[in-house]
Amino acid sequence: RSLTSSSSSVIIRRFQTIIKMKLSFATILSTLAVLASTTEAFAPQPTSFRAAASSSALNAKYNSMDEILALFPEELPILINFYDATTEDAIKSDILTTKAMLKERATMVNIKQQDYPELAKLWDCDSKSPSMILFKDGNPVKRVYEKIDYLDIIPEISQYTQGD
């Protein structure tokens, strides 16, 4: 009888451990799902020193390119991508790939043309999607129009994103 009682308590303890593990795993999965669903895919990736600026950057309206460029004080070139809402789904994957591949060489900022129509028009980025402008030291150095595939985008700007 004591053997059965001892075996039962071992089984119960193991079962409780398994339940705790399943709850922890479920908690982790649900947390990851919430984080993934609230991520702004076309927002600038925050770094440790610009995390505060990035949250306001998502909701604020800017009047000039200088205001947008000022959000990114690091020495990397900045690739501004103006895109049309109708092409967003078609370009999202390649734009995210481009952003990831340029991570150490340039900062990529994506702006919906409809959110900044005057700015897009001023920079000749209102009629073609995507329209990209690469800024280096605050000055435009390269424009790329209607390139969707990351294999086309990266070679177009690579000479400007190499280390000096």
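Predicted, not measured: the structure shown is a model, and the values here were computed from it. (Residues numbered from 1 in each chain as written. Predicted model: local features only at pLDDT ≥ 70, side-chain atom pairs only at ≥ 80, totals over all residues. Heavy atoms only, no water.)

On to the packing of aromatic side chains. For the structure on display, the rule yields 1 aromatic pair. Geometrically, the ring pair formed by Trp123 and Phe135 is edge-to-face, given 5.3 Å between the ring centres and 70° between the ring planes. Taken together, the positions of Trp123 in the loop between helix 5 (117-122) and strand 3 (131-136) and Phe135 in strand 3 put the pair 12 residues apart, joining distant regions of the chain. The class for Phe135 is buried, based on a relative accessible area of 3%. The lysine or arginine in question, Lys128, covers the ring of Tyr145, its NZ or CZ lying 4.6 Å from the ring centre. (Phe/Tyr/Trp six-rings, centres within 6.5 Å; stacked < 30°, edge-to-face > 60°. Helix = DSSP H or I, 4+ residues; strand = E, 2+ residues; numbered from the N terminus. Buried < 20%, exposed > 50% of the residue type's maximum accessible area, 1.4 Å probe, protein only. Lys NZ or Arg CZ within 6 Å of the ring centre and 35° of its normal.)

What follows is about the pattern of salt bridges. Going through the model one piece at a time under the given rule, you end up with 3 salt bridges. Residue Glu88 is joined to Lys112 by a salt bridge in which the shortest nitrogen-to-oxygen separation is 3.7 Å. Within this pair, whereas Glu88 is found in helix 4 (residues 88-101), its partner Lys112 is found in strand 2 (residues 107-112), the two being separated by 24 residues in sequence. Residue Glu156 pairs with Lys147 through a salt bridge whose shortest N-O separation is 3.7 Å. Since its relative accessible area comes to 26%, Glu156 is described here as partly exposed. A single network of salt bridges, built from pairs that share partners, joins Lys142, Lys147 and Glu156. (Salt bridge = Lys/Arg side-chain N within 4 Å of Asp/Glu carboxyl O.)

To continue, consider helix 6 (residues 150-161). Looking at helix 6, one finds that the buried residues are Ile153, Ile154, Ile157 and Thr161. Angular distribution of buried residues about the axis of helix 6 spans 100°; they occupy a single face of the element. Turned more than 90 degrees from where helix 6 packs its buried face, Leu151, Pro155 and Gln159 sit exposed. The opening residue of helix 6, the one whose side-chain oxygen lies 2.7 Å from the backbone nitrogen of Leu151, is Asp149. (Arc of directions from axis to C-beta. Polar contact = N/O pair within 3.5 Å; in protein donor to acceptor, adjacent residues only side chain to side chain.)

Let's shift gears to the sheet that holds strand 1 (residues 78-83). Judged by pairing direction, the sheet is mixed, and its 4 strands sit side by side in the order 2-1-3-4 without closing on themselves. Only two strands of the sheet have a single neighbouring strand rather than two, namely strand 2 and strand 4 (139-145). Recorded for the sheet is a direction-independent mean angle of 20° between the axes of neighbouring strands. Relative to strand 2, strand 1 is paired through 6 bridges, and the arrangement is parallel. Pairing of Asn81 across the sheet is with Asn110, part of strand 2. Strands in contact with helix 4 are strand 1, strand 2 and strand 3; relative to strand 2, the strand with the most contacts, it is inclined by about 165°. Here helix 6 sits on the sheet in contact with strand 1, strand 3 and strand 4, set at roughly 165° to strand 4. (Pairing = 2+ DSSP bridges. Axes fitted to C-alpha atoms, helices over the stretch in contact; angles between N-to-C directions. Contact = heavy atoms within 4.5 Å.)

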